[in-house]
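# Examination of the molecular architecture
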Amino acid sequence: MKHRQLAVLLAAVAALAFVPNLQDATGFPVFYLVYAYFVFFWIAQATSWNILSGYTGYFSFGQGAFYGLGVYAAGDLVSREGVNYFLTIPIAGVLGGLLAAGVGALAFRLGSLRGEIFALLTLAVTFTLSAIAQLSTWVDGGQGIPIQIPEYPAFLGEYQDLVYRLGLAVAFLAVLAALLIESSRFGWGLFAIRDEEDVAEELGVPTFRHKMLAITISGTLGALSGAVAALQVGYLTPEGVFNLTVPLLVIVMAVLGGRRHWLGPVIGAIVIYSLQERLTNSGLGEWGEVVLGGILVLMILFAPEGLYERIRDRPRRAAAAGVTLVVATVVAGLIGWGIATDWLSTGLIAATLVLLAGRPPQRTGAHAHRRLAAPRAEGAEGA
Amino acid sequence: MSATGTPPHSASPALLECVAVGKRFGGVHALDGVSLTVAHGEVVGLVGPNGSGKSTLIGILCGAHTPTAGRVLLDGRRIDRLGPHQRSHLGVARTHQIPKPFESMTVRDNVAVACMFGRVSQTLGEARRSAEEHLEVVGLTAQADARPREINLHQRQLLELARALATRPTLLLLDEVLAGLNPAEVDEALGVLRAIHAGGATIVMVEHVMRAVTGLAGRIVVLDRGTKLADGAPDAVMSDPAVARAYLGREHGARG
């Protein structure tokens, strides 16, 4: 199972890495590479969030801190210190891991801060970093940091090819980590923590160490992805980097895609990003956000367990959704509505609606059935 | 290593030793100067009225609470400052009065987690195979692929037991594992517990079902208001007037 998934993942990444080479032959617009880069970026961020919050159940609002640290580490080191850009990526990863370990040491030592307290703590860390970026003239000081295009070997191709491949590499690393964790002893320790932390500890799971490792991996991946994002952002400002877009969107993506499988955040990132892009380009302006919000409410109501579980638990419905995806994409293409990404968005929205239609399957959420008075609860379960 | 304070004439060396254990919650003495020795292979029933400190003692043994006084030794080694997972690796396991399964996992995987992380660590694949054996011991083989919420209370308590066994404990702490069961289910569960004991486990059980305590335990320890009131063979303890006053007079008649 694990080996097959690994093989599929490797094949997909190898194929995707080759895509920029097709540009000369097919002449497709560079825009598609930018679009794909953003999909990779969100896959990496949502997966990074999920390794901490999805797997352990410690809900974080602090993804922006890891992301922002990565962006500024790369930006400052390149622009202010003249460090080779490619060196700044691993440095950003290490810094992200250290920040995460610091947050973890604080939160997990202090009597296991759970729930909203943990979420608030992670949010506070983000605001603190943002304030430091505003105040410290070394980090930013409110001036903004322009990022020069780094020098790189010619065989890596056009600049956008480079950004695309770096984004793909980090997304691959994140998804690979999620996949390996999920099928390992470590991953099962995290799932046990998510379901019943005290019991996990009593059954021999070293919960503190597990949580520390999970948050450190999450922080490292988030910052790595941020360091690559610095290239795409181009000009850094504290408001632009440390806003709530990243922490909120990763939650939406992982929750809607599904938090219990490595594919969940991947699906969520693809669907939500294309939905958001489609709405941004729809000419609806701010109303696009309202539509996005409305769709999200519907998804949370009808598929709280996430799209992945719907696909897994209902193979026939999933097949129908797959057909819908292809048909809707092709139809939108034949009508000639917008460009290829719009066709794909149309297909994805239609497929998502097919998945969401009908009665939701039985809840399997970890916390849906936490019972306080077990002895008499049997009869009430069916409702 | 021989445990300090073990009487030289005891039949087998002590597995568990509590020396003057005390626990204060704020100003309240939940436990005060409780000393207790459990030999290898023994089954000890821990009884007492509500609030007598039974659950606190179980909590101190498994690491959920840190004692404010005294020492706890397992096989002569001090364990009262160790975290619960370290004690699990040394062979201490417990069940919960209200079952606390991992709700997102199947019954089999609930047990597999304990196999992976308990006294003997296993990989996921090995653990899933071992889980089958433990499920067979408690009679849950048919429910292996079910989710915990799909099985009844009795089965959830058996799952709790299977999970504790899967850590391969040397000391098994049972916290009212028979609570809420009907007489037939109690008989079935007692059969499982006898088999577990026959397999060599040392058991400390908190139990209100007197039939279970007297039928299974070779020794009974009575707690009352945080102190040890009596400790001895079931018959002797049950006919102790002090025990009758503190515990049986109020609880036994009501609980049956």
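Refer to the preceding data block for the structure.
Residues numbered from 1 in each chain as written. Chains lettered and ligands numbered in written order. Predicted model: local features only at pLDDT ≥ 70, side-chain atom pairs only at ≥ 80, totals over all residues.

We now examine the overall build of chain A. Scanning chain A from N- to C-terminus turns up 17 helices and 2 strands. Relative to the compact-globule value of 21 Å for 383 residues, chain A shows a C-alpha radius of gyration of 21 Å, a close match. Seen along its three principal axes, the alpha-carbon backbone of chain A occupies a region of about 70 × 55 × 45 Å. Considering chain A as a whole, with its 383 residues, one finds that 45% of them fall into the buried category. For chain A, contacts bridging at least 24 residues in sequence account for 77% of all contacts bridging at least 6. (Helix = DSSP H or I, 4+ residues; strand = E, 2+ residues; numbered from the N terminus. Rg over C-alpha atoms; globule rule 2.2 N^0.38 Å. Buried ≥ 20, exposed ≤ 12 C-beta atoms within 10 Å, placed from the backbone. Contact = placed C-beta atoms within 7 Å.)

Residues and elements named next belong to chain B. Reading across the sheet, the 4 strands line up as β2-β1-β4-β5 and stay open at both edges, with antiparallel pairing between neighbours. Two strands close off the open sheet at either side, each with one partner strand: β2 (28–39) and β5 (77–78). Bridge analysis of strand β1 (residues 14–25) against strand β4 (residues 69–74) gives 5 bridges, and the strand direction is antiparallel. Paired with Gly22 across the two strands is Ala69, which belongs to β4. Across the sheet, helix α1 (residues 54–62) is in contact with β1, β2 and β4; its angle to β2 comes to roughly 65°. (Pairing = 2+ DSSP bridges. Axes fitted to C-alpha atoms, helices over the stretch in contact; angles between N-to-C directions.)

This part is about the interface of chain B and chain A. With 29 residues of chain B at the contact, the number on the chain A side is 24 residues. Residue assignment for the side of chain B that touches chain A shows that the elements contributing at least two residues are α2 (84–90), α3 (107–117) and α5 (153–166) of chain B. Here the side of chain B that touches chain A is composed, by residue class, of 12 nonpolar, 10 polar and 7 charged. (Nonpolar A, V, L, I, M, F, W, Y, C, P; charged D, E, K, R; others polar.)

Turning our eyes to something else, we now look at helix α17 (residues 340–356) of chain A. The first and last C-alpha atoms of α17(A) sit 24 Å apart over 17 residues, in line with the 24 Å expected at 1.5 Å per residue. Buried residues in α17(A) make contact with α13 (263–280), α15 (307–313) and α16 (315–335) of chain A. (Expected span 1.5 Å × (residues − 1).)

So, on to the packing of helix α3 (residues 31–56) of chain A against α13(A). All names here are of chain A. For the pair α3 and α13, interaxial distance at closest approach is 8 Å and the crossing angle is 140°. Relative to α13, α3 is oriented oblique. Between α3 and α13 the crossing geometry is right-handed. Judged by residue contacts, Phe38, Val39, Trp42, Ile43, Ala46, Thr47 and Asn50 of α3 engage Gly264, Pro265, Val266, Gly268, Ala269, Ile270 and Tyr273 from α13. Looking at the contact of α3 with α13 residue by residue, the classes come out as 10 nonpolar, 4 polar and no charged. (Parallel < 35°, antiparallel > 145°, perpendicular 65-115°, else oblique. Left-handed = near helix turned anticlockwise from the far one by under 90°.)

Quick look at the pairing of β1(B) now. Residue and element names in this part refer to chain B. As paired elements, β1 and β2 share 8 bridges and run antiparallel to each other. Residue Lys23 lies in a different strand from β2, and its bridge partner there is Leu31. Where β1 folds back onto β2 in an antiparallel hairpin, the turn is made up of 2 residues, including Gly26, whose phi is positive at roughly 65°.

What follows covers helix α12 (residues 245–257) of chain A. Residues and elements named next belong to chain A. Here α12 is 13 residues long and its end C-alpha atoms lie 18 Å apart, about the 18 Å a rise of 1.5 Å per residue gives. Of all 13 residues making up α12, 11 are buried, and the element is well covered by its neighbours. What α12 keeps buried is the set Val246, Pro247, Leu249, Val250, Ile251, Val252, Met253, Ala254, Val255, Leu256 and Gly257. Elements in contact with the buried residues of α12: α3, α4 (63–79), α6 (115–135), α13, α14 (287–302) and α15. Gly258 sits one or two residues past α12 and shows a positive phi near 125°.

So, on to the sheet that holds strand β6 (residues 92–94) of chain B. Residues and elements named next belong to chain B. Strand order across the open sheet formed by 6 strands is β6-β7-β8-β3-β9-β10, with mixed pairing between neighbours. Edge strands, defined here as strands with exactly one partner in the open sheet, are β6 and β10 (227–232). With direction set aside, neighbouring strand axes in the sheet form an average angle of 20°. One ladder, built from 5 bridges, connects strand β9 (residues 219–224) with β10; its direction is antiparallel. By the bridge assignment for β10, Ile220 is matched with Gly232.

A few words now on the packing of helix α5 (residues 85–109) of chain A against helix α10 (residues 207–233) of chain A. All names here are of chain A. One way to put it is that α5 packs onto α10 with a least axis distance of 7 Å and a crossing angle of 145°. Crossing of α5 against α10: the hand is right-handed. Across the contact of α5 with α10, the residue classes break down as 15 nonpolar, 11 polar and 1 charged.

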